[in-house]
Amino acid sequence: MSKVITLLGSTGSIGTQSLDVIRAQGYQVFGLAAHSNVTLLLRQIIEFTPKAVAVVDPHAAEQLKAQLSTMPNPPVLLTGKEGLVELAAMPGADIVLNAVVGIAGLAPTLAAIESGKDLALANKESLVTGGQLVIDAVKKKGVHLLPVDSEHSAIFQCLQDAASAKSLTKILLTASGGPFFGKKKEELQQITAVDALRHPTWNMGGKITIDSATLMNKGLELIEAVWLFGLPADKVQVVVQRQSVIHSMVQYSDNSVIAQLGVPDMRIPIQYALTWPERVPGPAPELDFTTLGTLTFDVADEDTFLCLAAAKRAITKGGLCPTAVNGANEQAVELFLQDKIRFLEIGEFVARAAEEFSAGNGAYTLEELYACDAAARAMVRRLANA
Ligand code: NDP
Ligand code: MG
């Protein structure tokens, strides 16, 4: 079946892999959005001929405007954060795929849902920062929220049998362990951004690669799983699976465990989110069991990787605590990539946010959420003297 898609974050790692899937399936593109990579966005506009595009950065938008003026049938150009939100809500697409990075993805997530469109969600920070608002809006609008994150796609795939899904007792969230698996704090003192940007099994954008090295990514995913699948945090167990072949598992009341396996290729979960509930052939290769060898399982080291414990603490506290932990992490990662703080300080600052920020009375508005994000970022800059 042909579909029309609006893809937010089209120039990123998930964005470009989504376009591989869209190309292979012959889907149409209604909208594309990026922050500032005009060169790649222009190539994508030429190939996929969207009706509308959004560029968040104002200077980049000016550059693109000049380029589009020479094209015969240019797409409508929307700019700034408002443009991104407007594009997410524009009629014309069947489904919005949100592959923006960070809390910047929250507003377009809410806009897409409120406009009544199904949402394929790669931007985990939407659920981490505004889980209650997102889930409430999904219920109110009766739209589908389709996970793109590989672990959540795996869990979603394992839950497709509706009769069994009612008996879900536990989620086994797999983790690669990142590039520093098995290392202790003493060995992590001197880690640089270059070291941390080398991931053993997945090829991803910069921010999520650092999150994988600190295990914050698994912490964010644990919070994401709580919102998507409705189990409490203590029923989501992190299992280190170094080969990234088992993408996650579910356990039912009879203690039967169902897993989803495949090569570590994001095009499988991206495609499933777009074709659900159908399965169709796609660009990702098959898993070769003749060369696979051993699958290993380990426990995550929360004493060394403080982010994971902090994220658990935050979702257990509830309210805006996960928003604070996410904001502290986004700010800390930015400072680490600028060589302004050490690797281990990311975990220390995130743990501090989980400690200091309270849940309030649990409920919150969007304004309170953004204020909390700003306060957590300010706390990190203060701690870092930055
Ligand atoms: P990238 O950094 O590779 O790409 C991010 C995309 O978002 C780019 O298109 C970028 O535009 C755009 N962008 C960046 N900042 C903003 C902003 N402030 N407003 C609007 N758009 C913005 O990230 P990834 O593709 O790796 O990750 C995207 C999301 O998917 C993240 O939430 C991540 O956690 C999640 N995810 C990623 C996986 C992966 O394998 N990469 C796996 C599972 C989940 P520009 O290029 O112009 O800067
Ligand atoms: Mg993941």
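Refer to the structure presented above.
Residues numbered from 1 in each chain as written. Chains lettered and ligands numbered in written order. Predicted model: local features only at pLDDT ≥ 70, side-chain atom pairs only at ≥ 80, totals over all residues. Heavy atoms only, no water.

Chemist: What is the right way to look at the site of ligand 1 in this model?
Modeler: Taken together, 25 residues lie around ligand 1, and T11, S13, S36, N37 and E125 are the ones closest in. Contact distances for ligand 1 include 3.2 Å between an oxygen atom and a backbone N or O atom of G9. Measuring from an oxygen atom of ligand 1, one finds a backbone N or O atom of I14 at 2.9 Å. For ligand 1, the accessible surface in isolation is 900 Å², of which the surrounding protein chains cover 85%. Taken together, the elements giving at least two residues each to the shell around ligand 1 come down to α1 (13-25) and α6 (124-141). Tallied by class, residues from the shell around ligand 1 come to twelve nonpolar, ten polar and three charged. (Near = heavy atom within 4 Å. Polar contact = N/O pair within 3.5 Å; in protein donor to acceptor, adjacent residues only side chain to side chain. Areas by Shrake-Rupley, 256 points an atom, 1.4 Å probe, with all protein chains shown as cover. Helix = DSSP H or I, 4+ residues; strand = E, 2+ residues; numbered from the N terminus. Nonpolar A, V, L, I, M, F, W, Y, C, P; charged D, E, K, R; others polar.)

Chemist: What is the right way to read the packing of α1 against helix α2 (residues 38-48) from this model?
Modeler: The description of two packed helices rests on the angle between their axes and on the distance between the axes. Relative orientation of the contacting elements α1 and α2 amounts to 10°, with a least axis distance of 13 Å. The angle between the axes of α1 and α2 places the two elements in the roughly parallel class. Each of T16, L19, I22 and R23 in α1 lies in contact with α2, whose residues at this interface are L40, Q44, E47 and F48. Its residues assigned to classes, the contact of α1 with α2 comprises four nonpolar, two polar and two charged. (Axes fitted to C-alpha atoms, helices over the stretch in contact; angles between N-to-C directions. Parallel < 35°, antiparallel > 145°, perpendicular 65-115°, else oblique. Contact = heavy atoms within 4.5 Å.)

Chemist: Looking at this structure, how should I read the sheet that holds strand β10 (residues 246-252)?
Modeler: The strand order across the open sheet formed by four strands is β9-β8-β10-β11, and the pairing between neighbours is mixed. The open sheet terminates on both sides in strands that have one partner only, identified here as β9 (236-240) and β11 (257-261). When strand polarity is set aside, the average angle formed by the axes of neighbouring strands in this sheet is 20°. Here β10 runs beside β11; their pairing, made up of five bridges, is antiparallel. Across the sheet, the residue bridging to M249 is A259, located in β11. Of the strands in this sheet, β8 (168-175), β10 and β11 touch helix α7 (residues 150-158), which is tilted by about 40° from β10. (Pairing = 2+ DSSP bridges.)

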